[in-house]
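Chain by chain, the residues run as shown.
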Amino acid sequence: MKYVIHHRGQQKGPLEIDEVLKCIEKKEVEWTDYVYDENKKDWILLLDHPTFHDYFRRWKQPTQKSQAPRPNEGAEWYVLRDDNKYGPFSFVEMVKMLQEKKLFEFDYAWNRTKMNSWYRISEIDDFQPEKIKALKDQDPGNMTDVFYRRRHARARYGASILLHNNKEVWRGMSLEVSAGGAGLVIESDEIQVGQSLFLHFKAGDGVPPFNAVCTIVSKTPIKGLEHRYGIKFTSISQTIQQAIKKYTDNAA
């Protein structure tokens, strides 16, 4: 059996089990990446895949005889998604997952040392924008793997959107926007990477309503039929692009 891994918007594979584990050791693949499950005919978290779940548990929980420190010592955070609990993760791992959109502000998290209940990440003080920025500023040299540089600055942007191909129509919400593209959540798995679609944005947080032509560049499952889609603008007015740039610059 070989496996295909979805890592930072790109697919790796097909890979055999030992090849996947070697990629994890080299940090070319992460436990929070997605792997295609042939039985479910869907993408699921690598750490939750039946074949790799035990490997993940051994990686997180060394045997009692071992005195070696845990690979992510200081990990105190857990994530709740679809009634499944994942973790523990360190704060930096949590931030990295947020940056890579493997974790979202509407997901639930819990810290075993200072929280008595699950809260949405957007409600937790540790993950407010000013705290994330402080982490980036305190040690920029060692944070390059967490905050990898993008061509266009991005910012949170909530607006209703409509995608269509002149035959089918999909409705959803935007999560973020940049002068070059956006991140969307749509309750459909029908849209495929590489498709060219027409996009209509309603007015959002400081950007006027606009139309654009876009290409789907990434697709990540969230829960049920909900998927997060990364899009690249292939046709957009210069005036709107400048308005988005101004918005993202001010939000930085």
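Each remark here, short or long, concerns the structure printed above.
Residues numbered from 1 in each chain as written. Predicted model: local features only at pLDDT ≥ 70, side-chain atom pairs only at ≥ 80, totals over all residues. Heavy atoms only, no water.

1. Some points on the overall build of the chain
Argument step 1. Counting secondary structure elements, the chain contains five helices and 15 strands.
Argument step 2. Summed over its atoms, the accessible surface of the chain is roughly 14400 Å², and 47% of this surface lies on carbon and sulfur atoms. (Helix = DSSP H or I, 4+ residues; strand = E, 2+ residues; numbered from the N terminus. Areas by Shrake-Rupley, 256 points an atom, 1.4 Å probe, with all protein chains shown as cover.)

2. Concerning the pairing of strand 12 (residues 181–187)
On a regular strand, one side chain projects to one face of the sheet and the next to the other, so that they alternate.
Argument step 1. Of all seven residues in strand 12, six are buried; the element is thus mostly enclosed.
Argument step 2. For strand 11 (residues 169–177) and strand 12, the ladder comprises five bridges, and the chain directions are antiparallel. Within strand 12, the residue paired with M173 across the bridge is V185.
Argument step 3. Between the antiparallel neighbours strand 11 and strand 12 lie three residues. (Buried < 20%, exposed > 50% of the residue type's maximum accessible area, 1.4 Å probe, protein only. Pairing = 2+ DSSP bridges.)

3. Quick notes on the sheet that holds strand 2 (residues 10–15)
Argument step 1. Strand order in the open sheet formed by four strands is 2-1-3-4, and the pairing between neighbours is antiparallel. Here the strands that pair on one side only, and so sit at the sheet edges, are strand 2 and strand 4 (42–45). The mean angle between the axes of side-by-side strands here comes to 30°, regardless of whether they run parallel or antiparallel.
Argument step 2. Relative to strand 4, strand 3 (residues 34–37) is paired through four bridges, and the arrangement is antiparallel. For D37, the partnering residue across the bridge sits in strand 4 and is D42. (Axes fitted to C-alpha atoms, helices over the stretch in contact; angles between N-to-C directions.)

4. Side note on unusual backbone geometry
Argument step 1. For the bond from G13 to P14, the omega torsion is 10°, close enough to zero to count as cis.
Argument step 2. Turning to its location among the elements, P14 is positioned in strand 2.
Argument step 3. A positive phi angle, near 65°, is found at K27, a position not held by glycine.
Argument step 4. Within the secondary structure layout, K27 lies in the loop between helix 1 (17–25) and strand 3.

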